[in-house]
Amino acid sequence: MEDNLVFKKYIPEDFADYYELVKSDQVMRYITGKGMSEADAKTTFDRFLRTNQLDPRLGYFKVVDIDTQTRIGECKLVHYKKDESVFEIGYLLKEPFWRKGYGTLICEHLLALASAIDPNKHIVGIIDPANTASRRLLKKFGFASFFTGVEDGLPTEKLCLKRSGGNPTPSTTF
């Protein structure tokens, strides 16, 4: 299955697919609490495109099964907005692909990419504390929780994968 996934940076022509993913209340339940409006999705997508231009290796990616050409979701590997010396990872899957091992494959890919870019940088994952599947996945890869609370008006849990040579222990503002 891993060899069947391809990760392609978003391009402007991908907006319709992106919006199809993020307008779902079920898919966005642990991200924003509800599906996004088209206007909000466009604002977010345009920010993704700007981010994608900053570094050829980092950014926001659509995840596609190459055998079926089916888009299964998206993921990101970016500089964490609160500390550029740290990477942030994340992923979002269409509902038919939940609980089938795709999250593990995506996480493996993102961690390998992060290691290829800078093997010493810590990596943060940000989830809704109610999202037990995402917490379990991050912990499986060695992430440890360091903040649980409310951030930007949303319930938030932050987990960190500490790597040798990275910054000191993260704080709650990390």
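A brief report on the enclosed structure follows.

Here is what the cut-offs are and how they apply
Residues numbered from 1 in each chain as written. Predicted model: local features only at pLDDT ≥ 70, side-chain atom pairs only at ≥ 80, totals over all residues. Heavy atoms only, no water. Helix = DSSP H or I, 4+ residues; strand = E, 2+ residues; numbered from the N terminus. Expected span 1.5 Å × (residues − 1). Buried < 20%, exposed > 50% of the residue type's maximum accessible area, 1.4 Å probe, protein only. Core = buried A, V, L, I, M, F, W, Y, C linked by side-chain atoms within 4.5 Å. Contact = heavy atoms within 4.5 Å. Polar contact = N/O pair within 3.5 Å; in protein donor to acceptor, adjacent residues only side chain to side chain. Pairing = 2+ DSSP bridges. Axes fitted to C-alpha atoms, helices over the stretch in contact; angles between N-to-C directions. Phe/Tyr/Trp six-rings, centres within 6.5 Å; stacked < 30°, edge-to-face > 60°. Lys NZ or Arg CZ within 6 Å of the ring centre and 35° of its normal.

### As for helix α4 (residues 102-117)
Then, in step 1: For α4, with 16 residues, the first-to-last C-alpha span of 23 Å sits near the 22 Å given by 1.5 Å per residue.
Then, in step 2: Here α4 has its buried residues at Tyr102, Gly103, Thr104, Leu105, Ile106, Cys107, Leu110, Leu111, Leu113, Ala114 and Ile117.

### Notes on the nonpolar core
Then, in step 1: Counting residues in each nonpolar core, the largest one holds 45 residues, and the members touching the most others are Tyr18, Val22, Leu77, Ile89, Ile123 and Phe143.
Then, in step 2: With nine residues, α4 is the single largest residue contributor to this core.
Then, in step 3: Residue contacts for Phe143: discarding those within four places in its chain leaves Ile89, Leu111, Ile123, Val124, Gly125, Leu138, Leu159, Cys160 and Leu161.

### A word on the side chain of Asp55
Then, in step 1: Examined against the element boundaries, Asp55 turns out to sit in the loop between α3 (38-52) and β2 (59-65).
Then, in step 2: On the accessibility criterion, Asp55 (16% relative accessible area) is buried.
Then, in step 3: Only 2.7 Å separates the side chain of Asp55 from the backbone nitrogen of Arg57, close enough to count as a polar contact.
Then, in step 4: In terms of polar contacts, Asp55 uses its side chain to reach the backbone amide nitrogen of Leu58, at 3.5 Å.

### Concerning the sheet that holds strand β3 (residues 70-80)
Then, in step 1: The strand order across the open sheet formed by seven strands is β1-β2-β3-β4-β5-β7-β6, and the pairing between neighbours is mixed. A single partner strand is all that each edge strand has here, and the edge strands are β1 (5-9) and β6 (144-151). Going from strand to strand, the sheet's axes swing by 25° on average, the running direction of each strand aside.
Then, in step 2: Where β3 and strand β4 (residues 83-93) come together, eight bridges link them in antiparallel fashion. The partner of Glu74 across the bridge, within β4, is Leu92.
Then, in step 3: In the packing of helix α1 (residues 15-22) onto the sheet, the strands contacted are β3 and β4, and the crossing angle to β3 comes to about 90°.

### Some thoughts on the side chain of Asp83
Then, in step 1: Among the structural elements, Asp83 can be located in strand β4.
Then, in step 2: Within the structure, the side chain of Asp83 is placed 2.6 Å from the side chain of Ser85, a separation counted as a polar contact.

### Observations regarding the packing of aromatic side chains
Then, in step 1: In this structure the tally under the stated criterion is nine aromatic pairs.
Then, in step 2: With a centroid separation of 6.3 Å and 15° between ring planes, the pair formed by Tyr10 and Phe48 is classed as stacked. Taken together, the positions of Tyr10 in the loop between β1 and α1 and Phe48 in helix α3 put the pair 38 residues apart, joining distant regions of the chain. Side by side, Tyr10 and Phe48 carry an identical accessibility label, which is buried.
Then, in step 3: Seen in terms of ring centroids, Phe15 and Tyr19 are 6.1 Å apart; in terms of plane orientation they differ by 10°. Their pairing is stacked. With Phe15 and Tyr19 both in helix α1, this residue pair falls four residues apart, about one helical turn. As far as burial versus exposure is concerned, Phe15 and Tyr19 are alike and both buried.
Then, in step 4: An aromatic cluster is built from Tyr10, Phe15, Tyr18, Tyr19, Phe45, Phe48 and Tyr60, whose rings are joined through pairwise contacts.
Then, in step 5: One residue, Lys42, lies across the ring of Phe15, its end atom 5.3 Å from the ring centre.

On their own, these measurements won't tell you what the molecule is for.
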